[in-house]
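# Structural description and commentary
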Amino acid sequence: MDEFKIGEALLEVSKLVKRTNKLIDDTFPWELAKDESKKDVLASVMYHLLEAIRLITILYQPFLIETTPKVFDDLSVDEEHQGFKAYEFGMKKTYDVVKKMAHLFPRLDLEKETKRIKKMMEDNAPKEDKRTYALKPLIEFDDFMKLDLVCGHIESCRAHPNADKLLVFEVNTGDKVRTIVSGIAKYYQPEDLVGKNVAVVINLKPVKLRGILSEGMILSGEKTNGFLHVVELHEALEPGDKIA
């Protein structure tokens, strides 16, 4: 375990499990229980089995984090005898198992498991993208013409000093160099778009975003997986050229 050889660690634990199983095969406890004269032998075998199970359960704790507490509870093993410091055969002197134990790993019902897995796959299947069909209300041509769309040339870009999701662009839109704050830091590094021609809405009301005044909007396209791609324009266009 110190070397993170998890598979080999489990293999070592399995050796103790197999040896414990062999004790059952060698002694036939159910047969010993039929002979009153062998009660002491039966008691010794059962103690060895229970103490071995306790040690095995201690070793399995890093792997079976939900199951091992159930074993300790079923065997009435107190906390003092559950930790690795208690990994010593014979440390717990007696056992008093009085309740019928439930199966730790019950046999799976094939039909139920098939239905469960099928439902899980259906629930996790990619959902149909509804955006194509969720059309917004129709607008008049005049409404569209209210947007002032131009070609903008990105002169520089830097990370926003107060927001991890924002990038701060300096964009030449022909009339001036505008500061535009855009929430695309998740998808682009500051240097990725420098020198690119992009589509910009320049008549958007300026707004302060985390302390920096943004004077427009850089248009992006969103894929069905949520990834954003900035709309890049042909290099032949100049800053301020109209988009119609």
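Our structure's up above, just so we're on the same page.
In this report, we go over the structure that sits alongside the text. (Residues numbered from 1 in each chain as written. Predicted model: local features only at pLDDT ≥ 70, side-chain atom pairs only at ≥ 80, totals over all residues. Heavy atoms only, no water.)

Here we come to the nonpolar core. Generally speaking, a soluble globular protein has its nonpolar side chains buried in company with each other. Grouped together as the largest cluster of nonpolar side chains are 17 residues, with contacts concentrated most on Phe169, Ile184 and Ile218. Every element with two or more residues in this core is listed here: β1 (149-159), β2 (167-172), β4 (197-201) and β9 (228-230). Discounting residues that sit within four places of it in the chain, phenylalanine 169 has contacts with Ile154, Ser156, Cys157, Arg178, Thr179, Ile180, Ser182, Ile184, Leu193 and Ile218. Ranked by size, the runner-up nonpolar core spans 8 residues in total, among them Tyr47, Leu50, Phe72 and Tyr95. (Core = buried A, V, L, I, M, F, W, Y, C linked by side-chain atoms within 4.5 Å. Buried < 20%, exposed > 50% of the residue type's maximum accessible area, 1.4 Å probe, protein only. Helix = DSSP H or I, 4+ residues; strand = E, 2+ residues; numbered from the N terminus. Contact = heavy atoms within 4.5 Å.)

Looking now at the packing of aromatic side chains. The final tally for this structure, using the stated rule, is 4 aromatic pairs. Arranged with centres 4.9 Å apart and planes meeting at 70 degrees, the rings of tyrosine 187 and phenylalanine 227 form a pair that is edge-to-face. Residue tyrosine 187 is located in the loop between β3 (177-182) and β4, and its partner phenylalanine 227 is located in the loop between β8 (220-222) and β9; the two are separated by 40 residues in the primary sequence. Given the relative accessible area of 31%, phenylalanine 227 is considered partly exposed. Through a chain of ring-to-ring contacts, three or more aromatic side chains come together here, namely Tyr47, Phe89 and Tyr95. The residue whose ring lies beneath lysine 92 is tyrosine 95, and the NZ or CZ to ring-centre distance is 5.0 Å. (Phe/Tyr/Trp six-rings, centres within 6.5 Å; stacked < 30°, edge-to-face > 60°. Lys NZ or Arg CZ within 6 Å of the ring centre and 35° of its normal.)

This next bit is on the sheet that holds β3. What the 5 strands build is an open sheet, ordered β3-β2-β1-β4-β7; its pairing is antiparallel. With partners counted over all chains shown, the strands left at the sheet margins are β3 and β7 (217-218), one partner each. Examined bridge by bridge, β1 and β4 share 5 bridges and lie antiparallel to one another. Looking at the pairing, glycine 152 lines up with valine 198 of β4. (Pairing = 2+ DSSP bridges.)

We now examine the packing of helix α1 (residues 6-27) against helix α3 (residues 39-60). It is at 10 Å that the axes of α1 and α3 come closest, and there the two elements cross at 165 degrees. Between α1 and α3, the angle falls in the class roughly antiparallel. Our pair here, α1 against α3, has a crossing hand that is left-handed. Across the interface between the two elements, Leu10, Val13, Leu16, Val17, Thr20, Leu23, Ile24 and Thr27 of α1 pack against Val45, His48, Leu49, Ala52, Leu55, Ile56, Leu59 and Tyr60 of α3. (Axes fitted to C-alpha atoms, helices over the stretch in contact; angles between N-to-C directions. Parallel < 35°, antiparallel > 145°, perpendicular 65-115°, else oblique. Left-handed = near helix turned anticlockwise from the far one by under 90°.)

Our next topic: the environment of cysteine 151. You can see cysteine 151 is positioned in strand β1. Taking C-alpha positions, cysteine 151 is 22 Å from isoleucine 212, a pair spaced 61 residues apart along the chain. If near-sequence neighbours (up to four positions away) are discounted, cysteine 151 is found in contact with Asn172, Thr173, Asn197, Val198, Leu233, Leu237, Glu238, Pro239, Gly240, Asp241 and Ile243.

So, on to α1. Look at α1: 32 Å from first C-alpha to last across 22 residues, which is about the 32 Å you get at 1.5 Å a residue. When α1 is considered as a whole, its buried residues turn out to be Ala9, Val13, Ser14 and Thr20. Buried residues in α1, looked at end-on, bunch into an arc of 135 degrees, giving them a common side. Away from its buried face by more than 90 degrees, α1 exposes Gly7, Lys18 and Asp25. Phi turns positive, to about 50 degrees, at phenylalanine 28, one or two residues after α1. (Expected span 1.5 Å × (residues − 1). Arc of directions from axis to C-beta.)

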